Amino acid sequence: MKKPGCVVLAAGNASRFGKNKLEAALDGRSLILRSLETVPTECFSSVVVVTQYPDVLKLAGEFHFAALHNDKPELGLSRSLQLGLTALRDCTAVCFQVSDQPLLRRESVTALVNFWREESEKLAALSHGGVRGNPCIFPEKFYPELMELSGDVGGAAVIRRHEDELRLLEVPPGELWDVDTPQALRRAKDLLGEGSIL
């Protein structure tokens, strides 16, 4: 079976955080570094990082990932998603990974790809307690709908229209914790210290 592609979404303005949150550190490593480290390159045919930040473009290159500059981040999440999808349009499926889940484990992303392969025509996502989180894998039949999105809207809008085609893979709750505010970063530090992601 062909390998899916992977898009790392790292172009947001992080308005709720107050500054570029991808530079914020958790246990000595920035959120963006932690994000790129969780990409299991052996599972993907190509990895594309979409960002507005020069430092992230440089870091993506150090990982030997393709780097795409989003020159209009004000157009919202849909633009980053579509830039990445266009670059990987020849892939039979694409995994979208956000860059603000610092406790996500590489092993869980690998498990998600293997889980998706069991029914490769369906959507697959990580979850906890039946509640969907990220990353999510979209087979190519959903590409047209993803390309029609606009504004600060992501793949969740497409998933909501196809709940019957969504399969969820359970992981510990800490892995899905996203850092949108300084308070959320402090909570992530607490979870890491408590070992609560395990």
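Residues numbered from 1 in each chain as written. Predicted model: local features only at pLDDT ≥ 70, side-chain atom pairs only at ≥ 80, totals over all residues. Heavy atoms only, no water.

Asker: Would you mind going over helix α4 (residues 106-118) in detail, with residue names and values included?
Answerer: Taking 1.5 Å per residue as the helical rise, α4 with its 13 residues ought to reach 18 Å, and the 19 Å between its terminal C-alpha atoms agrees with that figure. Taken residue by residue, α4 has Ser 108, Val 109, Leu 112, Val 113, Phe 115 and Trp 116 as its buried positions. The buried side chains of α4 occupy one side of the element, clustering within an arc of 165 degrees when seen end-on. Pointing more than 90 degrees away from the buried face of α4 are the exposed residues Glu 107 and Glu 118. The inward-facing, buried residues of α4 contact β6 (93-98), β7 (123-128), β8 (131-139) and β9 (166-170). (Helix = DSSP H or I, 4+ residues; strand = E, 2+ residues; numbered from the N terminus. Expected span 1.5 Å × (residues − 1). Buried < 20%, exposed > 50% of the residue type's maximum accessible area, 1.4 Å probe, protein only. Arc of directions from axis to C-beta. Contact = heavy atoms within 4.5 Å.)

Asker: Lay out the packing of aromatic side chains with the relevant residues and their values.
Answerer: Two numbers describe a pair of aromatic rings. These are the distance of the centres and the angle of the planes. Summed over all chains, the structure comprises two aromatic pairs. Relative to Phe 138, the ring of Phe 96 lies with its centre 5.7 Å away and its plane at 75 degrees, an arrangement referred to as edge-to-face. With Phe 96 in strand β6 and Phe 138 in strand β8, the pair connects residues that are 42 residues apart, well separated along the chain. Per residue, the accessibility class of Phe 96 equals that of Phe 138, and both read buried. (Phe/Tyr/Trp six-rings, centres within 6.5 Å; stacked < 30°, edge-to-face > 60°.)

Asker: Help me get a handle on the side chain of Ser 35, residues and values and all.
Answerer: Relative to the helices and strands, Ser 35 resides in helix α1 (residues 31-37). Residue contacts for Ser 35: discarding those within four places in its chain leaves Val 8, Gln 97, Val 98 and Ser 99.

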